[in-house]
Amino acid sequence: MILPRLSVRLQMGLKGCLLGRKLYPMSEEEVSDLDEALDHKGQVNTIAWAPHGQYLVCAGLKNSAGGSLMFIDSTNQADINYMNVQEHPGVTDVEWDPTGRYVVSSVSTWSSGSSRAMDFGYNVYNFQGRLLVRRPVDNLCAFNWRPRPRSLLTDAKMKEIKKNMKKYAAEFDEKDKRKLDKASQEVSEKRRTLMAEFKAWRDKHKQIHEKEMEQHRELRDEAESQEFDEETVEYLINQEETIVE
């Protein structure tokens with residue numbers, strides 16, 4: 001069911017809210033009409049805002065006609081940016097992760113109220129709507145993100161880190177490079193060890209082969225030096241008699 005224009009359903013976000021199918025900034029006049037786009041892209045009955053606002057997903061949950069997921073960037077509220085559209089048939093739930101970087105659509109028994117044969121499972125998308133994971137789960141009851149704990153850093157420390165981000169980035173790049181070089185050295189050392197073991201195995205069996213070949217040559221020489229008497233033996237295989245009149 002498409003939301004009516006005067007619906008009392010209200011979805012709140014950090015930067016705005018959706019009333020019916022219109023986008024409003026907080027405490028300001030209407031700036032964007034979603035009617036034409038939503039009518040064109042599919043049926044919608046749920047709106048899920050990212051935890052920090054700006055991004056939202058318009059979805060058609062428990063919709064027999066299919067589950068449309070529209071990923072929207074509301075940065076420019078005068079001109080809504082539809083980033084992507086996905087389909088998840090039978091979708092019953094949509095949930096953003098606490099960071100606002102990923103969103104999950106799922107088909108669960110608890111939300112559908114049915115345990116009959118359905119495509120239970122979940123899909124993971126990034127905030128732009130690109131499908132990252134498609135995971136079927138038999139009789140999935142619910143999908144919930146683990147709560148994100150509060151940062152152990154103080155506000156002052158966070159400001160300092162942001163201010164010196166280039167310095168820290170250079171240090172991290174150097175550590176990553178050393179770690180990568182160490183991993184490369186370990187791989188090279190392992191390859192050298194395997195090659196040495198292979199050469200030792202090859203030399204050992206090469207010696208065995210040469211010894212056996214020498215024995216074969218000796219046996220052939222002995223066989224060629226012996227004298228044999230040749231005897232021809234004839235066998236009667238079959239005899240047929242035909243009378244011609």
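This write-up is about the structure you can find in this document. All figures in this text were calculated on a predicted structure; none of them were measured in a lab.

A few points about the sheet that holds strand 10 (residues 102–107)
Right, so step 1: An order of 9-10-11-12 is seen for the four strands of this open sheet, with the pairing classed as antiparallel. The two strands at the open ends of the sheet, each matched to only one other strand, are strand 9 (93–96) and strand 12 (131–136). Strand-to-strand twist in this sheet, taken as the mean axis angle between neighbours without regard to direction, amounts to 15 degrees.
Right, so step 2: Note: strand 11 (residues 121–126) against strand 12, five bridges, orientation antiparallel. Considered in strand 12, the bridge of Tyr125 is made with Leu131.

Observations concerning unusual backbone geometry
Right, so step 1: A positive phi angle, near 70 degrees, is found at Gln54, a position not held by glycine.
Right, so step 2: The class for Gln54 is partly exposed, based on a relative accessible area of 21%.

Thoughts on the nonpolar core
Right, so step 1: Counting 13 residues, the largest nonpolar core has Val57, Ala59, Leu69, Phe71, Val94, Trp96 and Val103 as its most contacted members.
Right, so step 2: Those elements that place two or more of their residues in this core are strand 6 (55–59), strand 7 (68–73) and strand 9.
Right, so step 3: Per-element tally for this core: the top contributor is strand 6, with three residues.
Right, so step 4: Those residues within four positions of Val94 in sequence are excluded, and the remaining contacts are Ala48, Val57, Ala59, Leu61, Leu69, Val103, Val104 and Ser105.
Right, so step 5: Ranked by size, the runner-up nonpolar core spans eight residues in total, among them Val44, Trp49, Leu56 and Ile72.

Rules behind the numbers
- Residues numbered from 1 in each chain as written.
- Predicted model: local features only at pLDDT ≥ 70, side-chain atom pairs only at ≥ 80, totals over all residues.
- Heavy atoms only, no water.
- Pairing = 2+ DSSP bridges.
- Helix = DSSP H or I, 4+ residues; strand = E, 2+ residues; numbered from the N terminus.
- Axes fitted to C-alpha atoms, helices over the stretch in contact; angles between N-to-C directions.
- Buried < 20%, exposed > 50% of the residue type's maximum accessible area, 1.4 Å probe, protein only.
- Core = buried A, V, L, I, M, F, W, Y, C linked by side-chain atoms within 4.5 Å.
- Contact = heavy atoms within 4.5 Å.

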